[in-house]
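# Residue-level structural notes
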Amino acid sequence: MGKTLNIAPITRIEGHASVAIHLDDTGNVSDAKMHVLSLRGFEQFVIGRPVEEVPRIVTRICGICPWQHHLASNKAADECLGVELPPTGRKLRELCQMMAYIPDKILHFYFLAAPDFVLGPDADYSVRNVVGIIGANPELAKKVVHMRYKAQMMLEKFSGKVIHPIAGVVGGFSKPLLEEERKEILAGIQELKDFSIFTIKFAREEVFPKYLDAVKILGVFPSGYLGTVRPSDGALELYDGELRLMDQNGNYDQFKYSEYMDYIGEHTEPWSYLKFPYAKKWGQLKLDENDPVGVYRANTLARINVCDKMATPLAQEELDIFRKAFGRPTHLTLLYHWARLIELVQCCERAEELLNDPEITGREYRAKNIEPRAGEGVGCVEAARGTLIHHYKTDDNGMVTMANLIVGTTHNNAPMNLSVKQAAKALIKDGKYDQGILNRVEMAIRAYDP
Amino acid sequence: MTKVTVAEEWLNACAGCEIAILNVGDVLVDLLVNNLDFVHIPVILDKKYFGQTGEEKELSIPEAVVGIVSGGVRNEEHKEVLLEMRKKCQILIALGTCATDGGIPAMINMYTEEELKQFYYKDSPTTDPAEYPTEHIPPLLDNCYALDEIVKVDLSLPGCPPHPDWIAGAILSLLDGKTDYKMPERSVCDACPTIREYKKSMADIKRLYYEAEFDPEKPLSDMRCLLEQGLMCLGPVTHVGCGGTKGAPRCISARVPCRGCYGPIRKGAKPLVDYMGAMASVGFDPAKMPDRRGYLARFAGAHGVLKKIG
Ligand code: SF4
Ligand code: SF4
Ligand code: SF4
Ligand SMILES: [Fe+2]
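Described below are features of the structure shown in this document. (Residues numbered from 1 in each chain as written. Chains lettered and ligands numbered in written order. Predicted model: local features only at pLDDT ≥ 70, side-chain atom pairs only at ≥ 80, totals over all residues.)

## Looking at the interface of chain B and chain A
Tallying the contact residues gives 72 residues for chain B and 79 residues for chain A. Elements supplying a minimum of two residues to the side of chain B that touches chain A: α1 (16-22), α2 (26-34), β4 (73-75), α5 (113-123) and α7 (250-253) of chain B. A total of 5 residues in the side of chain B that touches chain A trace back to one element, the largest contributor, which is α5 of chain B. Among the residues making up the side of chain B that touches chain A, the classes are represented as 39 nonpolar, 16 polar and 17 charged. (Contact = placed C-beta atoms within 7 Å. Helix = DSSP H or I, 4+ residues; strand = E, 2+ residues; numbered from the N terminus. Nonpolar A, V, L, I, M, F, W, Y, C, P; charged D, E, K, R; others polar.)

Right under this line is the structure:
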């Protein structure tokens, strides 16, 4: 009789899931699955709500990336109501997105991912965590906590509310950025930029090299990738652009948000509440880690793979180093962590650019004379965990009649399952497993930051 | 000094409450080093339910003096985890409006499970229609419940998310041996500096696509109350606290109306009824308010407040 190892909950991730590893009589892995255990129903309960309220509701899909949901939803609502944004409104939204990304990436790298790398995957669970990090390097830990906090509070001070934001509104932004505020935020962003550059150097010189062997095998399989690029030059975009869906060999389709249904389908498996998006044009989804069909990944590594370049200079230098080492596209799952830090640099640089743009303090930050109407809109932004797609329809009164959401982590449902299966099969042999081995299986999931 | 043990769990939650704990900031690091010993907290600690190698049959959480739970109760597993937390923790804190009143996810209480699944697994425009999943996943409950509908709760900290001031206040008071920490039972308006003229407004009810009137160079105390401006601000029926112990309400600071994310002012309050009075008192016809349940019970659908439309 075989047995099942029930790894629940998956920890140091931002969502709710468990992994079941099934062992056969010889103690080898017959199957491994990641189960997502609940269904909250946002698509259902935004029906009948005024569409301009939805950006204040869907934030609660995720308390880590509420800004991204808020902004994708605002874009979809703008389109439903046929609103054109004044440039200042658009730029204030993008600035907030960049500012929201910075603490999130710091949090993920140091608090959630680093314990595996700095303390080691075999360290006991009681020390393999952020408190252990504080013990191992108190100076750096203090700095990390302080920088993350500072980034959060700057955004809170300007926008009113940092977790579950409210300042994005149909037509633009709810208030302007004053000159004193601009100066203060700019000084903070420059400090965060220095810290980001320190972080990526530290990671690539002192943290990742020790684990390059693990990087080459853990959770690795070939797949496609989804991300957003700037239409003019293919640069990595987080706020606005076109979607690019690349296959495992690097060939891609590029399309507008409104065309997403032509490219992405969603499949259901009997053992998870969460659906499995797949690339429609590549055939019916096949969840086989040796020969996957239709499987694409989203989130940092995906964006780094699909883009032709970074949008800012220091981030571009980092991309050059990365591509020289790993090529394009690279399928090494643990490189999500490295890719995340390249994006961190771009976020700081882009925030700085926006703050130096004279239009950012403009007084036309919100479109006027908005009226309810029947309409349809697809709003997308890139969230830390992947592309957010918010698609709404409204009736004459501007009330929502249909909402279809495909959000960050959902895109990675199929690939996370493949990574888990791959990692479990590679690591558990002849009935031998322990905490460290099982933690390595979880590391394959943690890379996706679900 | 011995550390106080703490266990933390999230149920039908979004992780925002946990980020709010982190936003306690520098004080938190000192507390972690000197005062608090987290024995279970899935977001940062790898403590597992079924033993560290997943071989045990019964779900178990270590004993702790303080238990903190965010999120409402939506499926059988949430319920099991909550009961285990109650059993193992001396003092149970409901953290956030999901835990105290259901929060936004309790809006699902207006719909049946069949309606929800019908769209999600069959009718959605990108979905290949499929049978509903059932294997190795906990069944959903008929509703999304607040914690106190399932177990006794000792301390409630509403807010979506709760302001770090209240989280720190509650922890420090517990460390001081006090177990009766309570946020003030007042309304968001009580912390709001805007100008109220208390006279009947001539304005129409305005939805959120209207901008408030204000001068961005001037402080909030120079802006007229957003309810009086017609913007359906829910301050009068919402629990105070989003600005922390001293600050102005958050939405008002961003010049947009309150939507009630701290839940009702006190247990058993009836915002759906009370708000009609608040609107009438400044001259609006409450009957003209669209989607009343969607505004007034957006964060408080548990406790039987939101029922299936059917
Ligand atoms: S109360 Fe708000 S922040 Fe807390 S879990 Fe619920 S939705 Fe998230
Ligand atoms: S109704 Fe809103 S704007 Fe008016 S006093 Fe209350 S919270 Fe402030
Ligand atoms: S003003 Fe109302 S909706 Fe806004 S944060 Fe405060 S309680 Fe929540
Ligand atoms: Fe998220």
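Having seen the structure, we can now continue with the description.
## Quick look at the sheet that holds strand β3 (residues 64-70) of chain B
Residues and elements named next belong to chain B. Taken in spatial order, the 5 strands line up as β2-β1-β3-β5-β7 in an open sheet, and their pairing is parallel. Looking along the sheet, the strands with just one partner apiece sit at the ends: β2 (36-40) and β7 (155-157). The average undirected angle you get between the axes of adjacent strands in this sheet is 30°. As defined by bridge partners, strand β5 (residues 89-95) adjoins β7 across 3 bridges and the pair is classed as parallel. Bridging across to β7, Ile93 finds its partner in Leu155. Each of β1 (4-10), β3 and β5 is contacted by helix α3 (residues 76-88), which is oriented at about 135° to β5, the strand it contacts most. (Pairing = 2+ DSSP bridges. Axes fitted to C-alpha atoms, helices over the stretch in contact; angles between N-to-C directions.)

## Quick look at the site of ligand 3
The full set close to ligand 3 counts 13 residues, and Cys242, Pro249, Cys251, Cys258 and Cys261 of chain B are the nearest of them. Surrounding ligand 3 are residues belonging to chains A and B, so the site spans chains. Looking at the shell around ligand 3, its residues break down into 8 nonpolar, 2 polar and 3 charged. (Near = placed C-beta within 6 Å.)

## Comments concerning the environment of Arg60 of chain A
Of note, Arg60 of chain A is situated in the loop between α1 (42-45) and α2 (66-80). In the structure, Arg60 of chain A is positioned 103 residues away from Ile163 of chain A in sequence and 9.3 Å away in space, judged by C-alpha atoms. What Arg60 of chain A contacts, discounting residues up to four positions off in sequence, is His164 of chain A together with Cys14, Gly103, Ile104 and Pro105 of chain B.

## Let's talk about the nonpolar core
One finds Met99, Ile342 and Val420 of chain A together with Val69 of chain B to be the most contacted residues of the largest nonpolar core, which totals 252 residues. A per-element tally of this core places helix α3 (residues 87-119) of chain A first, with 16 residues. If near-sequence neighbours (up to four positions away) are discounted, Val420 of chain A is found in contact with Val19, Ala32, Met34, Val441, Ala444 and Ile445 of chain A. (Core = buried A, V, L, I, M, F, W, Y, C linked by C-beta atoms within 7 Å. Buried ≥ 20, exposed ≤ 12 C-beta atoms within 10 Å, placed from the backbone.)

## A word on the sheet that holds strand β2 (residues 17-23) of chain A
Residues and elements named next belong to chain A. Across the sheet, 3 strands lie side by side as β1-β2-β3; this open sheet has antiparallel pairing. Two strands in the sheet have a free side with no partner beyond their single neighbour: β1 (3-7) and β3 (29-36). In this sheet, adjacent strand axes meet at a mean angle of 15° when their direction is disregarded. Sheet topology places β2 next to β3; 7 bridges connect them, and they run antiparallel. Bridging from a neighbouring strand, Ser18 pairs with His35 of β3. Set on the sheet, helix α13 (residues 413-427) makes contact with β2 and β3; between it and β3 the angle comes to about 145°.

## Here we look at the site of ligand 1
Close contacts around ligand 1 come from 15 residues, with Cys14, Gly16, Gly96, Cys98 and Cys160 of chain B the closest. Per-site note: the chains with residues close to ligand 1 are chains A and B. Broken down by secondary-structure element, the contributors of at least two residues to the shell around ligand 1 are α1 and α4 (97-101) of chain B. In the shell around ligand 1, the residues fall into 7 nonpolar, 7 polar and 1 charged.

## Some points on the environment of Arg385 of chain A
Residue and element names in this part refer to chain A. Tracing the sequence through the fold places Arg385 in the loop between β12 (375-383) and β13 (386-394). Distance in space between the C-alpha atoms of Arg385 and Ile197 is 22 Å, their sequence separation being 188 residues. When residues no more than four places from it in sequence are discounted, the contact partners of Arg385 are Cys65, Asn299, Gly408, Thr409, Asp449 and Pro450.

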